[in-house]
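Structural features, examined
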Amino acid sequence: MARWRALPAGIDPAVAALVAHLRKAKDFSGLSIKQLGLATGYSTSSWERYLSGRALPPAAAVRSLAEVVGADPVRLLALLDAAVNARRSRPFAPESPSEPTPSSVPTPPSEPVPPSKPVLPPEPATTEAMTADDDRSDTGVDDDRHHLAGWRQLGLLGCGMVMGAVMVLLLVQPTQVAAARGVSGTTAAAPEATAFACSYTRQGGRWYAGNSETRTHQLVVDMTGPAVAELQCLLQRAGITPGGIDGNFGPLTESAVIQAQKKFHLDVDGQVGPSTWAALRG
């Protein structure tokens, strides 16, 4: 019996339970992974990914394994459904840098910086000082009183202008922040998910569905984006249901790819490369 490698850290418990039962069934059969691939019709590389927890097997592969080892297919398929649901609730990040990432979500603007404390002009003369000036008028210093009265008027005017500017900042900045956030509250609305459609055209003897023109892009399970949507459209045109045109390379799309590879007499590995693209576009 082979010693299995430990599953990746952080793997979902439902996926771990499925992989554990698949490994147990494989060990019970006494077959090597290569022999298991020949017996079930799935490639060695596909079973290596299924038994290492890097990809979920299609339902047809699970049923084939149950037939080969004499296991209960109902139990294994129930574990597969639980693993698929767990994987959908925690989708993986795209493996290709060309695929879209969640980084397109806008970051909220920073909080407004409060206005600095205004510098006030010198305090105007007090009543006692004015009275002292009035007393000095009898001694021939009337000009000082007029100068102090002028400074007092300028000080009051300066205070009024500074306070008016502060009020404008306090009223305008919250409105600008709310407008930048896109709503009257404090959170920005999340962008809507990209919708894909199939618009078939034939150019140069090849079929295109309007999502991607690639003929070499390598696609594997858990990848997302326009290239996956193009693959799903071409599978649908070939009469094989990929489970929807959502741009997500999940177990249903992988099962459809395997059916297409069998139909076009290609190497069956559940992955999309130049040969699979050429068959689907031909």
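Report on the accompanying structure.

Thresholds, definitions, all that
Residues numbered from 1 in each chain as written. Predicted model: local features only at pLDDT ≥ 70, side-chain atom pairs only at ≥ 80, totals over all residues. Heavy atoms only, no water. Axes fitted to C-alpha atoms, helices over the stretch in contact; angles between N-to-C directions. Helix = DSSP H or I, 4+ residues; strand = E, 2+ residues; numbered from the N terminus. Parallel < 35°, antiparallel > 145°, perpendicular 65-115°, else oblique. Left-handed = near helix turned anticlockwise from the far one by under 90°. Contact = heavy atoms within 4.5 Å. Nonpolar A, V, L, I, M, F, W, Y, C, P; charged D, E, K, R; others polar. Buried < 20%, exposed > 50% of the residue type's maximum accessible area, 1.4 Å probe, protein only. Expected span 1.5 Å × (residues − 1). Phe/Tyr/Trp six-rings, centres within 6.5 Å; stacked < 30°, edge-to-face > 60°. Polar contact = N/O pair within 3.5 Å; in protein donor to acceptor, adjacent residues only side chain to side chain.

Turning to the packing of helix H1 (residues 13–29) against helix H5 (residues 73–89), a few remarks are in order. Where H1 contacts H5, the two axes come as close as 8 Å, and the packing angle between them is 150 degrees. Judged on the interaxial angle alone, H5 and H1 are roughly antiparallel. Between H1 and H5 the crossing geometry is left-handed. Counting all contacts with H1, which are made through Ala14, Val15, Ala17, Leu18 and His21, the residues of H5 involved are Arg75, Leu76, Leu79, Leu80, Ala82, Ala83, Ala86 and Arg87. Classifying every residue of the contact of H1 with H5 by side-chain character gives ten nonpolar, one polar and two charged.

Every buried residue of helix H3 (residues 44–52) is accounted for by Ser46, Trp47, Arg49, Tyr50 and Leu51. Looking at the buried residues of H3, the elements they touch are H1, helix H2 (33–40), helix H4 (59–69) and helix H9 (251–263). Just downstream of H3, glycine 53 is the residue with a positive phi angle, here 80 degrees.

Helix length check: helix H8 (residues 226–237), at twelve residues, gives a terminal C-alpha distance of 17 Å against a target of 16 Å (1.5 Å per residue), a fit within 8%. Burial within H8 is extensive, with nine of its twelve residues counted as buried. Of all the residues in H8, the buried ones are Ala227, Val228, Ala229, Glu230, Leu231, Gln232, Cys233, Leu234 and Leu235. Where the residues of H8 are buried, they touch strand S2 (206–208), H9 and helix H10 (274–281). Positive backbone phi, at 85 degrees, marks glycine 239, one or two positions downstream of H8.

Take the packing of aromatic side chains next. The description of two aromatic rings rests on the distance between their centres and on the angle between their planes. Counted according to the given criterion, the structure contains one aromatic pair. With a centroid separation of 5.4 Å and an interplanar angle of 85 degrees, the aromatic rings of tryptophan 47 and tyrosine 50 are classed as edge-to-face. One end of the pair is tryptophan 47 and the other is tyrosine 50, both in helix H3 and three residues apart, which spans about a single turn. The burial state of tryptophan 47 is the same as that of tyrosine 50; both residues are buried.

Time to look at the environment of histidine 21. Position of histidine 21 among the secondary structure elements: in helix H1. The class of histidine 21 is partly exposed, set by a relative accessible area of 31%. With 55 residues separating them along the chain, histidine 21 and leucine 76 place their C-alpha atoms 7.4 Å apart. Beyond its immediate chain neighbours, meaning those up to four positions away, histidine 21 contacts Arg75, Leu76 and Leu79. Here the side chain of histidine 21 touches alanine 17 through a polar contact of 3.0 Å, landing on its backbone oxygen.

Quick look at the side chain of arginine 49 now. Tracing the backbone shows arginine 49 in helix H3. Judged by its relative accessible area of 8%, arginine 49 is buried. The contact partners of arginine 49, leaving out residues within four places of it in the chain, are Arg54, Ala55, Val221, Glu254, Asp269 and Gln271.

Remark: H4 packs on H5, axes separated minimally by 9 Å, with the N-to-C direction vectors making an angle of 150 degrees. As the angle between them shows, H4 and H5 are arranged roughly antiparallel. Regarding H4 and H5, the two cross each other, and that crossing is right-handed. Every residue of H5 that contacts H4 at Ala59, Val62, Arg63 and Ala66 is listed here: Pro73, Leu76, Leu77 and Leu80. Here the residues of the contact of H4 with H5 sort into seven nonpolar, no polar and one charged.

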